[in-house]
Amino acid sequence: SEQHEARTFSGRGATSDGHRVELLANVGEVAQAEPAAAAGAEGIGLFRTEFCFLDRDTEPSIDEQVEAYGTVLAAFAGKKVVVRTLDAGADKPMPFLNPTDEANPALGVRGFRTSWKNPDVLENQLAAIATAAAASSAEVWVMAPMVSRVGEAEEFVAACTRHGLETAGVMVEVPSAALLAGPILARAAFASIGTNDLTQYTLAADRLLGALAPLSTPWDPAVLSLIRTTCEGGQAQSRPVGVCGEAAADPALAAVLVGMGVTSLSMTPRALGDVAAVLAATSLEQCRRAATLALGTDNAEAARLTAREALPALA
Ligand code: PEP
Ligand code: MG
């Protein structure tokens, strides 16, 4: 069997003809920040802050949050760090925030929705992020998880503005948000597509259920179509649209995403080298062609095979 070593990445992501694609890291713990920087990530595209809140019965103090966020920002001095506010619920349950009596927690009070009943937790977190950002040279962007309506994007941006956090965006991981990406991006500075949840909600297939694994693929043309719609919304409003779900770590899919108009890809640091190498060997036109072909199929397997055939770097 072939030994697979992670290719290293250093520098700036781009296609063979120089179309820029930021290659960023997903970071979910303080200890992952330094290794992500060492792996060559241009920044952090998804800083999951749940680690600070898990396994506790109360929220962490603002000081504790400032310290944790500050350590991560320090590893990316001068670079972009997209901090996601708390995504409590479903696969990340937090008893002090999420109702424990919901029949369908994935469709329940989770993510941004927890701030309706507990606005202080979000306010305190934004205060902590703003304090850590002010003490750092990192370029801090903030985004909310599980936004499903335009009004929520508006509310979140207003809350960030009150804390002096000027680059406020939303995750697109619910089909309604993808379909309304245009009006959402008229309010929010950027969008980041969470393909793990977007796939779960598009196919109505619990992302943790092994029995439904065949349904849970971002190659499904229905998911691709929602990603394309989100990119169109971004283009109409001149706003960047990134991808931070697992899809970004699949080199063939990464090329398809770039072809659909995605402007940054955030992934587990070990995938950076392979994704960078495929993009560097593929022109923007080839990415677009692979995207058009994949979008024209009617099932995930056909989308994947057709796209791969159109990508010489993967042949
Ligand atoms: C996603 O849903 O794709 C995502 C990036 O967020 P998480 O995996 O943390 O839910
Ligand atoms: Mg998610």
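Residues numbered from 1 in each chain as written. Chains lettered and ligands numbered in written order. Predicted model: local features only at pLDDT ≥ 70, side-chain atom pairs only at ≥ 80, totals over all residues.

Draft legend 1. Structural view of the overall build of the protein chain. Check the secondary structure of the protein chain and you find 13 helices and eight strands. Rg of the C-alpha trace for the protein chain: 19 Å, near the compact-globule value of 20 Å for 315 residues, within the 12% margin. Across its three principal directions, the C-alpha atoms of the protein chain cover 50 × 45 × 40 Å. By residue count, 51% of the 315 residues in the protein chain fall in the buried class. Contacts in the protein chain between residues at least 24 apart in sequence constitute 66% of all its contacts with a sequence separation of at least 6. (Helix = DSSP H or I, 4+ residues; strand = E, 2+ residues; numbered from the N terminus. Rg over C-alpha atoms; globule rule 2.2 N^0.38 Å. Buried ≥ 20, exposed ≤ 12 C-beta atoms within 10 Å, placed from the backbone. Contact = placed C-beta atoms within 7 Å.)

Draft legend 2. Seen up close, the site of ligand 1. Contacts to ligand 1 come from Leu 46, Arg 48, Asp 87, Glu 173, Gly 194, Thr 195, Asn 196, Asp 197, Cys 244 and Gly 245. When its residues are assigned to classes, the shell around ligand 1 shows two nonpolar, four polar and four charged. (Near = placed C-beta within 6 Å. Nonpolar A, V, L, I, M, F, W, Y, C, P; charged D, E, K, R; others polar.)

Draft legend 3. Broad picture of the packing of helix 10 (residues 251–260) against helix 12 (residues 284–295). It is at 7 Å that the axes of helix 10 and helix 12 come closest, and there the two elements cross at 95°. As far as their axial angle goes, helix 12 and helix 10 are roughly perpendicular. Counting all contacts with helix 10, which are made through Ala 255, Val 256, Val 258, Gly 259 and Met 260, the residues of helix 12 involved are Cys 287, Arg 288, Ala 290, Ala 291 and Ala 294. Along the lines of polarity and charge, the residues of the contact of helix 10 with helix 12 split into eight nonpolar, one polar and one charged. (Axes fitted to C-alpha atoms, helices over the stretch in contact; angles between N-to-C directions. Parallel < 35°, antiparallel > 145°, perpendicular 65-115°, else oblique.)

Draft legend 4. Spotlight on the environment of Ala 88. Note that Ala 88 resides in the loop between strand 3 (80–84) and helix 3 (114–117). The class of Ala 88 is buried, set by 27 C-beta atoms lying within 10 Å. Remark: the alpha-carbon pair of Ala 88 and Phe 112, spanning 24 residues in sequence, is separated by 8.3 Å. For Ala 88, the contacting residues outside a window of four places in its chain are Phe 53, Met 94, Leu 97, Asn 98, Arg 110 and Thr 114.

Draft legend 5. Layout of unusual backbone geometry. Not every positive phi belongs to a glycine, and Met 146 is a case in point at roughly 60°. Note on Met 146: 24 C-beta atoms within 10 Å, which makes it buried.

Draft legend 6. Structural detail: the pairing of strand 8 (residues 264–267). In strand 8, alternate side chains face the same way, and those of Ser 264 and Ser 266 on one face and Leu 265 and Met 267 on the other are all buried. Inspection of the sheet shows strand 1 (residues 22–27) paired to strand 8 by four bridges, in the parallel sense. Note on strand 8: the bridge partner recorded for Leu 24 is Ser 266. With two bridges connecting them, strand 7 (residues 241–243) and strand 8 associate as parallel partners. Residue pairing for strand 8: Val 243 is matched across the bridge by Leu 265. (Pairing = 2+ DSSP bridges.)

Draft legend 7. Structural context of the sheet that holds strand 3. With respect to topology, eight strands assemble into a closed barrel ordered 1-2-3-4-5-6-7-8, the strand pairing being parallel. On average, adjacent strands in this sheet sit at an angle of 30° to one another, irrespective of strand direction.

Draft legend 8. Up close: helix 2 (residues 62–75). For helix 2, with 14 residues, the first-to-last C-alpha span of 20 Å sits near the 20 Å given by 1.5 Å per residue. Along helix 2, the positions that sit buried rather than exposed are Gln 65, Val 66, Tyr 69, Val 72, Leu 73 and Ala 75. Buried-residue contacts for helix 2 involve strand 1, helix 1 (33–38), strand 2 (43–48), strand 3, helix 4 (119–134) and strand 4 (139–144). (Expected span 1.5 Å × (residues − 1).)

Draft legend 9. View of the environment of Thr 199. Tracing the backbone through its elements, the reader meets Thr 199 in helix 8 (residues 195–203). On the basis of neighbour count, Thr 199 is assigned to the buried category, with 25 C-beta atoms found within 10 Å. Sequence spacing of Thr 199 and Leu 215 is 16 residues, and the spatial spacing of their C-alpha atoms is 8.5 Å. In contact with Thr 199, other than residues within four places in its own chain, are Ser 216, Thr 217, Pro 218, Asp 220 and Val 223.

Draft legend 10. Geometry of the environment of Val 150. Inspection of the secondary structure assignment puts Val 150 in helix 5 (residues 150–162). Distance in space between the C-alpha atoms of Val 150 and Ala 37 is 34 Å, their sequence separation being 113 residues. Here Val 150 is in contact with Leu 180, Pro 183, Ile 184 and Arg 187, once residues within four sequence places are set aside.

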